[in-house]
Amino acid sequence: YEISLGLVGSGMCIRDSAGGGRYAAAVNVGEQPTFDGATFRVEAHLLDFAGDLRGQAVTLEFVEHLRGQVRFAGVAELVAQLREDVAATAAIVAR
């Protein structure tokens, strides 16, 4: 899968061999246009995962592109779209 800036997609987060596990993830790669639009980030929202992976090495494997990045009018619109992205990711990995 070719990665480009402004990618919103679904994928799998594979924890390192010490932690084990494989989890579906809604992923954003790029800037945050609804906020400052200048901060580049890779963000992965893991589905069905409870824990804290901050500071741990993980591997992201991209499965499917969902949409491009969009500047939303506000946080409420962004949150509504993120819910749709998570639902789409769940459907994709359930195939």
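The preceding data block contains the structure.
Visitor: Explain the layout of surface pockets residue by residue, including any values.
Guide: Of the volumes computed, that of the largest pocket is approximately 420 Å³. If you trace the largest pocket, you find 22 residues lining it, with Asn28, Glu43, Arg67, Leu78 and Leu82 closest to the centre. Looking at side-chain class alone, the lining of the largest pocket contains 12 nonpolar, six polar and four charged residues.

Visitor: Got a sec to walk through the packing of aromatic side chains? Specific residues and values, please.
Guide: Tallied over the entire structure, the rule returns one aromatic pair. Note on Tyr23 and Phe49: the rings are 4.8 Å apart at their centroids and 70° apart in plane angle, and the pair reads as edge-to-face. Here Tyr23 is found in strand β2 (residues 22-30), whereas its partner Phe49 is found in the loop between β3 (41-46) and β4 (58-68), with 26 residues between them in sequence. In this structure Phe49 comes out as partly exposed when scored by relative accessible area, which is 22%.

Visitor: Describe the nonpolar core, naming the residues involved and giving the relevant values.
Guide: Counting residues in hydrophobic clusters, the biggest one holds five residues: Ala25, Val27, Val29, Leu46 and Leu53. When residues in this core are grouped by element, the largest group, three residues, is from β2.

Visitor: Requested: an account of the pattern of salt bridges, with residues and values cited.
Guide: If you walk through the whole model with that rule in mind, you get four salt bridges. Where Arg22 meets Glu61, a salt bridge forms, and the shortest distance between an N and an O atom there is 3.1 Å. Residue Arg22 is located in strand β2, and its partner Glu61 is located in strand β4; the two are separated by 39 residues in the primary sequence. Judged by relative accessible area, which is 48%, Arg22 ranks as partly exposed. You can call Glu61 partly exposed: its relative accessible area is 37%.

Visitor: So what about the environment of Gln32? Which residues, and what values?
Guide: With respect to the element layout, Gln32 can be found in the loop between β2 and β3. On the accessibility criterion, Gln32 (16% relative accessible area) is buried. Taking the C-alpha atoms as reference points, Gln32 and Arg71, separated by 39 residues in sequence, lie 7.9 Å from one another. Apart from the residues within four sequence positions on either side, Gln32 is in contact with Gly37, Thr39, Arg41 and Glu43. Of the polar contacts made by the side chain of Gln32, one reaches the side chain of Arg41; its length is 3.4 Å. Polar contacts involving the side chain of Gln32 include one to the side chain of Glu43, which spans 3.3 Å.

Conventions used here
- Residues numbered from 1 in each chain as written.
- Predicted model: local features only at pLDDT ≥ 70, side-chain atom pairs only at ≥ 80, totals over all residues.
- Heavy atoms only, no water.
- 1 Å grid on protein atoms, 1.4 Å probe; cavity = no way out; pocket = protein on both sides within 12 Å on 5 of 7 lines; lining within 4 Å.
- Points joined across faces, edges and corners; volume = space filled by probe spheres on them.
- Nonpolar A, V, L, I, M, F, W, Y, C, P; charged D, E, K, R; others polar.
- Phe/Tyr/Trp six-rings, centres within 6.5 Å; stacked < 30°, edge-to-face > 60°.
- Helix = DSSP H or I, 4+ residues; strand = E, 2+ residues; numbered from the N terminus.
- Buried < 20%, exposed > 50% of the residue type's maximum accessible area, 1.4 Å probe, protein only.
- Core = buried A, V, L, I, M, F, W, Y, C linked by side-chain atoms within 4.5 Å.
- Salt bridge = Lys/Arg side-chain N within 4 Å of Asp/Glu carboxyl O.
- Contact = heavy atoms within 4.5 Å.
- Polar contact = N/O pair within 3.5 Å; in protein donor to acceptor, adjacent residues only side chain to side chain.

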